[in-house]
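# Structural overview
The chain contents come next:
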Amino acid sequence: DIPPKMLHKLRLIFEELCYQILFSKLEDKHIDFVVEYDREKSEATVNIRYVGKDFDPMESDNEISVALVKNAVSEIEHRYIEDAEFTNKISISLK
């Protein structure tokens, strides 16, 4: 089972990063959101993939959502891979 505090962070990431920032910017609303949880380490990794132009949601003008996400995560990295099925990839670590 994922602890309630971790679930809260995962919901916050989905709501702020995907719903508040990405859905408003993307033409193609298909977002791949995958969570992996390591029970022994009490750590989670979130991988988010989406199609579109090079767009790092952490550089969004939605300052409130960006601040909430930054405060919830241990690490976040955006990569743009041209000609990939999903051109934008975000990796997030949570503890």
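Refer to the structure above for everything that follows.
Residues numbered from 1 in each chain as written. Predicted model: local features only at pLDDT ≥ 70, side-chain atom pairs only at ≥ 80, totals over all residues. Heavy atoms only, no water.

Moving on, we get to the overall build of the protein chain. The helix and strand tally for the protein chain stands at two helices and four strands. If you list the helices and strands of the protein chain from N to C, you get α-β-β-α-β-β. Seen through its principal axes, the protein chain has C-alpha atoms that stretch 35 × 30 × 20 Å. Counting the 95 residues in the protein chain, one finds 35% classified as buried. Of the contacts formed within the protein chain by residues at least 6 apart in sequence, a portion of 56% connects residues at least 24 apart. As presented, the protein chain carries roughly 6,200 Å² of accessible surface, and 46% of it is formed by carbon and sulfur atoms. (Helix = DSSP H or I, 4+ residues; strand = E, 2+ residues; numbered from the N terminus. Buried < 20%, exposed > 50% of the residue type's maximum accessible area, 1.4 Å probe, protein only. Contact = heavy atoms within 4.5 Å. Areas by Shrake-Rupley, 256 points an atom, 1.4 Å probe, with all protein chains shown as cover.)

Turning our attention to the nonpolar core. Of all hydrophobic cores here, the largest spans 21 residues; its most connected members are Leu17, Ile48, Tyr50, Ile92 and Leu94. Among the secondary structure elements, those contributing two or more residues to this core are α1 (4-25), β2 (43-50), α2 (63-72) and β4 (88-94). Considering each element in turn, this core owes the most residues, seven residues, to α1. Setting aside chain neighbours within four positions, we find Leu94 in contact with Met6, Lys9, Leu10, Ile13, Ser42, Glu43, Ala44, Val46, Ala72, Val73 and Ser74. (Core = buried A, V, L, I, M, F, W, Y, C linked by side-chain atoms within 4.5 Å.)

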